[in-house]
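# What the coordinates show
Residues per chain, in single letters:
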Amino acid sequence: MFLKIAFWGGANEVGRSCIEVSEGRKSLLMDCGVKIGREEEYPLLEKIPRNIVITHSHLDHAAYLPHIFAKPRPHTTLYMTKPTRDLIQLMIADYMRVSRNEFGPRVFNNMLTRCRAVEYRQVVDCGMKFSLHNSGHLLGSASVLVHNPAGNLLYTSDLSTRTSRIVEPVESGLSAKTAIVESTYGGKGDVMPPIKEEMERLRRIINNTLKKDGKVLVPAFAVGRAQELILMLDAYMKGGLIEPAPIYIDGMIKKALHLFRHNVIYARQELQRSILMSDSDPFKSRYVFIPERKDRSDAIEEGSIIITTSGMMKGGPVMTYFNEMAGERKNTLLFVGYQAPGTPGRMILDGARKVRVHGKEIEVKMKVEAVQISGHADHPGLLHYINSIKGLETVYIVHGEERKRKELKKSLEENERYEVILPKNGEKFEL
Ligand SMILES: [Zn+2]
Ligand SMILES: [Zn+2]
């Protein structure tokens, strides 16, 4: 039987990823996120399918779950890897706190009783067969391979082709006739500098700021880059490459760090070994502290590097620190992750030097820097990965800004091997 795909969200945008693949009367929903921008936006879903697979714990892929599980769904099954199942609870709790929606008290119970943990490469039969494969984006993150006799379908979800401190790069070389590929950094100009160079720059930015008695503020998502950065800084401070200094972590970052360690069996072997073999566990760094005072004055006074949510500066503890630090030229605001258009983070990154926080105008005098330690593949990385897929005929490009999708399409069409489609939200296709 042939497959059908419906793009309910995240097709021509970054946010509210939600794709339904069906075969006859069977169907599988891949991700259901929300879009956090000026307004919150949801998938255009017509009805809730019985089988839902979540690729990773970011809000743009999973935050619609509490809307679905606000009531019991005894006939729905949720599939995800174990780290995703753990991390998602943290993310959703955080989302529910800041969301304007009212959710029932039993959301977590409703959700977790329907949740099935899936191992990488395990074939699941829910009427349709699929397997999950490491996507290299984050601990537990997965691509979904839908097995079909007429040709497999691969949904990459967010992917990274680089080895990070925590996870192995995306599993390449899978067999699929059709692929749905992300394009967050798919633009022609999205070529990330070699990781070594970027790390050197990161060290220089931090050392220069600390030397001038300044402080570094890093807005980060609760899960992903923050943990990566903590392990990096710990290693650099231990090795003398960065002046040892107190790192304060705030928001959900510390809880997520615990969950990372708890699920370290899903991390790179080197990292597992560093925990088993040495007596300095990078997850329990002596440089890392958490604020104890409610007003965070201890972190503001003593912290040299502060890593905190929210990642795009849309509220959260980062704003408290920003309010204190923005006015001093010796301080640095350091971006390490994607900034969506319309968010304060993106505006500052694009050069805005006056921002409104809680109704108050703040002048940004601190230095603004960005380093590319992204969990997404860049343009060459995406091309290389796509070309590794065996038997590939058609590529749908999603999860990207319009210009980036078009540029990736153009590059893919240059070798005339694939048909390339740029789907829009709400569009349906038959394979
Ligand atoms: Zn993600
Ligand atoms: Zn995403």
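Residues numbered from 1 in each chain as written. Chains lettered and ligands numbered in written order. Predicted model: local features only at pLDDT ≥ 70, side-chain atom pairs only at ≥ 80, totals over all residues. Heavy atoms only, no water.

Summed over the entire model, instances satisfying the criterion amount to zero disulfides. Cys32 carries a free sulfur, and the closest cysteine sulfur to it, the one in Cys18, is 5.7 Å from it. Overall, Cys32 belongs to the buried group, its relative accessible area being 0%. Looking at Cys115, it has no disulfide partner, and the nearest cysteine sulfur is the one in Cys32, 12 Å off. (Disulfide = S-S within 2.5 Å. Buried < 20%, exposed > 50% of the residue type's maximum accessible area, 1.4 Å probe, protein only.)

Our next topic: the coordination of the zinc ion (ligand 2). The zinc ion (ligand 2) binds to the protein through Asp60 (OD), His61 (NE2), Asp158 (OD) and His399 (NE2), with metal-donor distances spanning 2.2 Å. Along the chain, the residues that donate to the zinc ion (ligand 2) are spaced as D-H-x96-D-x240-H. The two metals, the zinc ion (ligand 2) and the zinc ion (ligand 1), are separated by 3.5 Å and share Asp158 as a common coordinating residue. In this pair, Asp60 sits in helix 1 (residues 59–62) while His399 sits in the loop between strand 22 (394–398) and helix 13 (402–414), placing the two residues 339 residues apart along the sequence. An identical accessibility class is assigned to Asp60 and His399; each is buried. (Donors = N, O, S within 2.8 Å, 3.2 Å for Na, K, Ca; no water. Helix = DSSP H or I, 4+ residues; strand = E, 2+ residues; numbered from the N terminus.)

Each protein donor to the zinc ion (ligand 1) is listed here as His56 (NE2), His58 (ND1), His137 (NE2) and Asp158 (OD); together their distances run 2.2 to 2.3 Å. What the four donor atoms of the zinc ion (ligand 1) show is an angle range of 92 to 167 degrees at the metal, which sorts the shape as irregular. The sequence pattern formed by the donor residues of the zinc ion (ligand 1) is H-x1-H-x78-H-x20-D. (Tetrahedral: all angles 85-135°; square planar, octahedral: opposite > 155°, others 65-115°.)

Glancing now at the pattern of salt bridges. Under the counting rule described, the total for this entry stands at 20 salt bridges. Two residues, Arg261 and Asp281, come together in a salt bridge whose shortest N-O distance is 2.4 Å. Residue Arg261 is found in helix 7 (residues 253–262), and its partner Asp281 is found in the loop between helix 8 (269–277) and strand 16 (288–289); the two are separated by 20 residues along the sequence. Overall, Arg261 belongs to the partly exposed group, its relative accessible area being 28%. Here Asp281 falls in the buried class, since its relative accessible area comes to 11%. What emerges from the salt-bridge pattern is a single network uniting Glu13, Arg16, Lys35 and Glu41. (Salt bridge = Lys/Arg side-chain N within 4 Å of Asp/Glu carboxyl O.)

Further remarks concern the packing of aromatic side chains. What the rule picks out here adds up to nine aromatic pairs. Between Phe7 and Phe429 the ring centres are 5.8 Å apart and the planes differ by 80 degrees, which places this aromatic pair in the edge-to-face class. Of this pair, Phe7 sits in strand 1 (residues 4–9) while Phe429 sits in strand 24 (residues 428–430), placing them 422 residues apart in sequence. Phe429 shares its class with Phe7; the two are buried. Geometrically, the ring pair formed by Tyr120 and Tyr266 is edge-to-face, given 6.5 Å between the ring centres and 75 degrees between the ring planes. Of this pair, Tyr120 sits in the loop between strand 8 (115–117) and strand 9 (123–125) while Tyr266 sits in the loop between helix 7 and helix 8; the two residues are 146 residues apart in sequence, bridging distant segments of the chain. Its relative accessible area of 22% is what places Tyr120 among the partly exposed residues. Here a set of aromatic residues connected by ring pairs shows up, and it is made of Phe7, Tyr396 and Phe429. The cationic tip of Arg165 hangs over the ring face of Tyr236; the distance from NZ or CZ to the ring centre is 5.7 Å. (Phe/Tyr/Trp six-rings, centres within 6.5 Å; stacked < 30°, edge-to-face > 60°. Lys NZ or Arg CZ within 6 Å of the ring centre and 35° of its normal.)

Next up on the list: the packing of helix 12 (residues 379–388) against helix 13. Interhelical geometry of helix 12 versus helix 13 gives an angle of 45 degrees and a closest axis separation of 11 Å. In terms of their interaxial angle, helix 12 and helix 13 are classed as oblique. When you trace helix 12 past helix 13, the crossing you get is right-handed. Between helix 12 and helix 13, the contacting residues are His379, Leu382, Leu383 and Ile386 on the first element and Glu407, Leu408, Ser411 and Leu412 on the second. For the contact of helix 12 with helix 13, a count of residues per class yields five nonpolar, two polar and one charged. (Axes fitted to C-alpha atoms, helices over the stretch in contact; angles between N-to-C directions. Parallel < 35°, antiparallel > 145°, perpendicular 65-115°, else oblique. Left-handed = near helix turned anticlockwise from the far one by under 90°. Contact = heavy atoms within 4.5 Å. Nonpolar A, V, L, I, M, F, W, Y, C, P; charged D, E, K, R; others polar.)

Another aspect to go through is the sheet that holds strand 7 (residues 77–80). The mixed open sheet is built from seven strands, whose spatial order is 8-7-6-3-2-1-24. What marks the edges here is a single partner per strand, and that holds for strand 8 and strand 24. Taking the axes of each pair of neighbouring strands and ignoring which way they run, one obtains an average angle of 20 degrees across the sheet. Against the sheet, helix 3 (residues 82–98) contacts strand 7 and strand 8, and its axis sits at roughly 110 degrees relative to strand 7. (Pairing = 2+ DSSP bridges.)

A few words on the pairing of strand 22. Within strand 22, five of the five residues are buried, leaving the element largely enclosed by the surrounding structure. Here strand 22 shows no split at all, with Thr394, Tyr396 and Val398 on one side and Val395 and Ile397 on the other all buried. Judged from the three bridges that link them, strand 22 and strand 23 (residues 419–421) form a sheet pairing that is parallel. Each residue of the ladder has a partner; that of Thr394, found in strand 23, is Glu419. Taken together, strand 22, helix 13 and strand 23 form a β-α-β motif whose crossover is right-handed. (Right-handed = clockwise from strand over helix to strand, strands pointing away.)

Another aspect to go through is the side chain of Ser141. Within the secondary structure, Ser141 is located in the loop between strand 10 (129–134) and strand 11 (142–147). Dropping the residues within four chain positions of it, Ser141 is found in contact with Thr55, His56, Thr84, Tyr120, His133, Asn134, Ser135 and Gly136.

The next subject is the domain arrangement of the protein chain. Split into domains, the protein chain comes out as domain 1 (4–188 + 375–430) and domain 2 (195–370). Using only C-alpha atoms to locate each centre, domain 1 and domain 2 end up separated by 27 Å. With 30 residues of domain 1 in contact, the opposing surface of domain 2 contributes 30 residues. Summing the contributions of domain 1 and of domain 2, the shared interface buries around 2800 Å²; its carbon and sulfur component is 62%. On the domain 1 side of the contact with domain 2, Leu90, Arg165 and Ile166 bury the most area, a combined 27% of that side's loss. Counting the contacts that link domain 1 with domain 2 gives one salt bridge. The salt bridge partner of Arg346 is Glu401, with a shortest N-O separation of 3.3 Å. Counting every contact that joins domain 1 to domain 2 gives 11 residue pairs in polar contact (both at pLDDT 80 or more). Looking at the side of domain 1 that touches domain 2, the element that brings in the most residues is helix 3, giving eight residues. Of the residues that constitute the side of domain 1 that touches domain 2, the class distribution is 12 nonpolar, eight polar and 10 charged. (Domains from an automatic or database assignment. Buried area = accessible area lost by both parts, 1.4 Å probe. Polar contact = N/O pair within 3.5 Å; in protein donor to acceptor, adjacent residues only side chain to side chain.)

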